[in-house]
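# Structural features, examined
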Amino acid sequence: MILKEIKLSIIMLTIASLAACAPAYKVKVVQTPETQGLKGHQKPYVVNGTRYDPLRDHQGFVQEGRASWYGEQFHGRKTSNGEIYDMHAMTAAHKTLPMGVYVKVTNLDNGQQTVVRVNDRGPFVAGRIIDLSFAAASRVGVVGPGTAPVRIEALGYRADGSDAKPVYRQPESYDIGLFAVQIGAFTILSNAERLCNEMHAKHGAATINTGVVDGQTYHRVWVGHYTSLEEAERARVEFNGGFVVAIEK
């Protein structure tokens, strides 16, 4: 049995801007036992039937596509991380990059570049990969045409350097550690034990991890003992579903 997404209350994301988006968007957060404790903007979410999984790591992230911008209509509203949107600040919205990460944006039409901080989710318009604030869009020549082809490169989290120039630090790699694949979560222990025994016979490593979500006890079946996130992700695909979980040492 593959873990079913537990849809607790349907929560509207604080994507107040929904990044330069126009009509109403149907948004819900995906709540599962393994995502408890995460902040709202770190959890998987669904917009108009399409699921987005926020990245746990930004390292090596490069993307090309079209940028758009949002301004006065959303000025003063809450962004996805709870900040108040300021159209004059150097910020941006992205569908999956971690909040707080700085991104270099290059306009591929004119070569102009700028650096922005991700503090919102979006844009949810086909073909667009990033929504820039008015100030950021002005720096790279996107305000006039409305959209432009861009290349974005994740830099890291900003810290002040000794010479007052910005320095972008990288967090510890999320790829290092011990991981398993969660393939089921049961309220009845005997059901979890049955699947765990079956997986142990087939794969040699399977355990039951028990936790409580909103007062309900869940017995989670974890399979495998992988030493990298990449290895665990490959196994998850072979299992045809489930979720990668980190094993605490």
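## Quick word on the overall build of the protein
- Looking only at helices and strands, the protein has three helices and 14 strands in total.
- Sorting the 249 residues of the protein into buried and exposed places 47% on the buried side.
- Considering only contacts within the protein whose residues lie at least 6 apart along the sequence, 67% involve residues at least 24 apart.
- Looking at the protein as shown, the accessible area adds up to about 12,900 Å², and 50% of this sits on carbon and sulfur atoms.

## A closer look at the environment of Tyr45
- Residue placement: Tyr45 occurs in strand β2 (residues 45-47).
- Here Tyr45 falls in the buried class, since its relative accessible area comes to 1%.
- At 2.7 Å, the side chain of Tyr45 forms a polar contact with the backbone oxygen of Lys95.

## Digging into the environment of Gln216
- The residue Gln216 is located in strand β13 (residues 216-228) in this model.
- By relative accessible area, which is 34% here, Gln216 ends up partly exposed.
- Once residues within four sequence positions are removed from consideration, Gln216 is found in contact with Thr187 and Gly211.

## Regarding the nonpolar core
- Grouped together as the largest cluster of nonpolar side chains are 22 residues, with contacts concentrated most on Val103, Val105, Val116, Ile130, Leu132, Val150 and Ile152.
- Of all the secondary structure elements, the ones that give two or more residues to this core are β6 (102-107), β7 (113-120), β8 (128-133), α1 (134-139) and β9 (148-160).
- It is β9 that contributes the most residues to this core, five residues altogether.
- When near neighbours in sequence (up to four residues on either side) are disregarded, Leu132 contacts Ala67, Ser68, Trp69, Tyr70, Thr91, Ala92, Val105, Val116, Ala137, Val140 and Val142.
- Ala192, Leu195, Ala206 and Ala232 belong to the second largest nonpolar core, which has 16 residues in total.

## Quick notes on the pattern of salt bridges
- Tallied over the full model, the rule gives six salt bridges.
- The residue Asp53 makes a salt bridge to Arg51 at a minimum N-O spacing of 2.9 Å.
- Relative accessible area serves as the criterion here: at 38%, Asp53 is assigned to the partly exposed category.
- A relative accessible area of 30% means that Arg51 is categorised as partly exposed.
- One salt bridge in this structure joins Lys104 and Glu153, with 3.8 Å as the shortest N-O distance. Taken together, the residues span a long stretch of sequence, with Lys104 in strand β6 and Glu153 in strand β9 at a distance of 49 residues.
- Given a relative accessible area of 24%, Lys104 falls into the partly exposed group.
- One network of salt bridges, in which partners are shared, links Glu64, Lys104, Arg151 and Glu153.

## A closer look at the sheet that holds strand β1 (residues 27-29)
- Taken in spatial order, the three strands make up an open sheet running β1-β2-β3, and their pairing is antiparallel. Of all strands in the sheet, those bounded by a partner on one side alone are β1 and β3 (50-52). Within the sheet, the average angular offset between the axes of one strand and its neighbour, ignoring direction, is 25°.
- Where β1 meets β2, three bridges bridge the pair, whose relative direction is antiparallel. What sits directly across from Val29, in β2, is Tyr45.

## Some points on the side chain of Thr79
- Along the chain, Thr79 falls in the loop between β4 (62-70) and β5 (91-93).
- In this structure the side chain of Thr79 is engaged in a polar contact, spanning 3.0 Å, whose partner is the backbone oxygen of Asn119.

How each quantity is defined
- Residues numbered from 1 in each chain as written.
- Predicted model: local features only at pLDDT ≥ 70, side-chain atom pairs only at ≥ 80, totals over all residues.
- Heavy atoms only, no water.
- Helix = DSSP H or I, 4+ residues; strand = E, 2+ residues; numbered from the N terminus.
- Buried < 20%, exposed > 50% of the residue type's maximum accessible area, 1.4 Å probe, protein only.
- Contact = heavy atoms within 4.5 Å.
- Areas by Shrake-Rupley, 256 points an atom, 1.4 Å probe, with all protein chains shown as cover.
- Polar contact = N/O pair within 3.5 Å; in protein donor to acceptor, adjacent residues only side chain to side chain.
- Core = buried A, V, L, I, M, F, W, Y, C linked by side-chain atoms within 4.5 Å.
- Salt bridge = Lys/Arg side-chain N within 4 Å of Asp/Glu carboxyl O.
- Pairing = 2+ DSSP bridges.
- Axes fitted to C-alpha atoms, helices over the stretch in contact; angles between N-to-C directions.

So yeah, pure geometry; function would need other evidence.
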